[in-house]
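Summary of structural features
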Amino acid sequence: MRKVVLVVHVSMDGVIQSPGAPEEDPSEGFELGGWIFPFSDEKSGQFYQNAMGKKYEILMGRRTYEMLAATWPFEEGELADQLNAATKHVVAGAGAKLSWTNSKRLGGDATEAVADLKKSRGPALVVIGSGQLVKSLLAAELIDQITALTYPIVLGSGKRLFEEGAPPSAWKLAKSAHSPKGVVANTFVRDGKVKTGTFVKKPSTEELARRKRLAAESPRR
């Protein structure tokens, strides 16, 4: 079975919206697009390419596809060559134009289509951008690995990687590195269910009373 790998730029407060340029995604009044630019260098670029791997296919939603398809076919360099040559699976309706070379349409329910694609033979499926698709894949537990490039910046608003309602899940740190400009690249793999515990061996009378008051104040779910 193929792995689904998410490689994502994220701020310290979890924002993933429009990292590369102001024009990427200014929706909902977001005015800070291009926030990774001041921190980008050769090292952080290596982090990104290493996370994608040597051989991969790309998985993305329609909006991200349209943005990348308007840019990378006209660029030069190793990354451009890799992206242009890679097979690109696009979650898009029949009316969407797929002009970028080696593009394939994933129709129907997105999570079902990706689940079927995971069962096929081939290299890892790397998710780029595609915030809405990422949320659906996380909810369906279809993402196996996350490499988050975290930048030393707080944006305050914008679309976030984990919104309210994200399913609880445990992840294990597999690799970590940082750049001279403070970009931290952490790679996580799934580690089963969330485990909980307590440091309190024997609660005091005061603590038991506090818990009782808290239970009475808290609304039932």
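Fair warning: this is a prediction, and the values are worked out from it, not measured in the lab. (Residues numbered from 1 in each chain as written. Predicted model: local features only at pLDDT ≥ 70, side-chain atom pairs only at ≥ 80, totals over all residues. Heavy atoms only, no water.)

**Some details on the layout of surface pockets**
What the largest pocket holds in volume is close to 1,400 Å³. Elements with a minimum of two residues in the lining of the largest pocket: β1 (4-11), α1 (42-52), α2 (62-69), α3 (78-85), α5 (131-139) and β6 (145-151). Looking at the lining of the largest pocket element by element, the count peaks at 6 residues for α5. The class makeup of the residues in the lining of the largest pocket is 21 nonpolar, 16 polar and 10 charged. (1 Å grid on protein atoms, 1.4 Å probe; cavity = no way out; pocket = protein on both sides within 12 Å on 5 of 7 lines; lining within 4 Å. Points joined across faces, edges and corners; volume = space filled by probe spheres on them. Helix = DSSP H or I, 4+ residues; strand = E, 2+ residues; numbered from the N terminus. Nonpolar A, V, L, I, M, F, W, Y, C, P; charged D, E, K, R; others polar.)

**Concerning empty space enclosed by the protein**
Counting across every chain of the model gives 1 cavity of 30 Å³ or more. Looking at the largest cavity, its volume works out to about 40 Å³. Forming the boundary of the largest cavity are L138, F162, A166, P167, S169, W171 and R190.

**Some points on the side chain of E57**
If you trace the backbone, E57 turns up in strand β2 (residues 56-61). Of note is the side chain of E57, whose polar atom sits 2.6 Å from the side chain of H89. (Polar contact = N/O pair within 3.5 Å; in protein donor to acceptor, adjacent residues only side chain to side chain.)

**Points about unusual backbone geometry**
Backbone geometry follows two general trends: most residues other than glycine have a negative phi, and most peptide bonds adopt the trans configuration. Look at S18: it is not a glycine, yet its phi comes out positive at around 45°. Judged by relative accessible area, which is 4%, S18 ranks as buried. The backbone phi angle of N102 is positive, close to 65°, even though this residue is not glycine. Tracing the backbone shows N102 in the loop between β3 (88-91) and β4 (103-106). (Buried < 20%, exposed > 50% of the residue type's maximum accessible area, 1.4 Å probe, protein only.)

**So, the confidence of the model for the protein**
On average, residues of the protein score 92 in pLDDT, and 99% of them are at 70 or above. Considering each helix and strand of the protein separately, the mean pLDDT is smallest for α3, with a value of 88, and largest for strand β8 (residues 184-190), with 97. (pLDDT = per-residue confidence, 0-100.)

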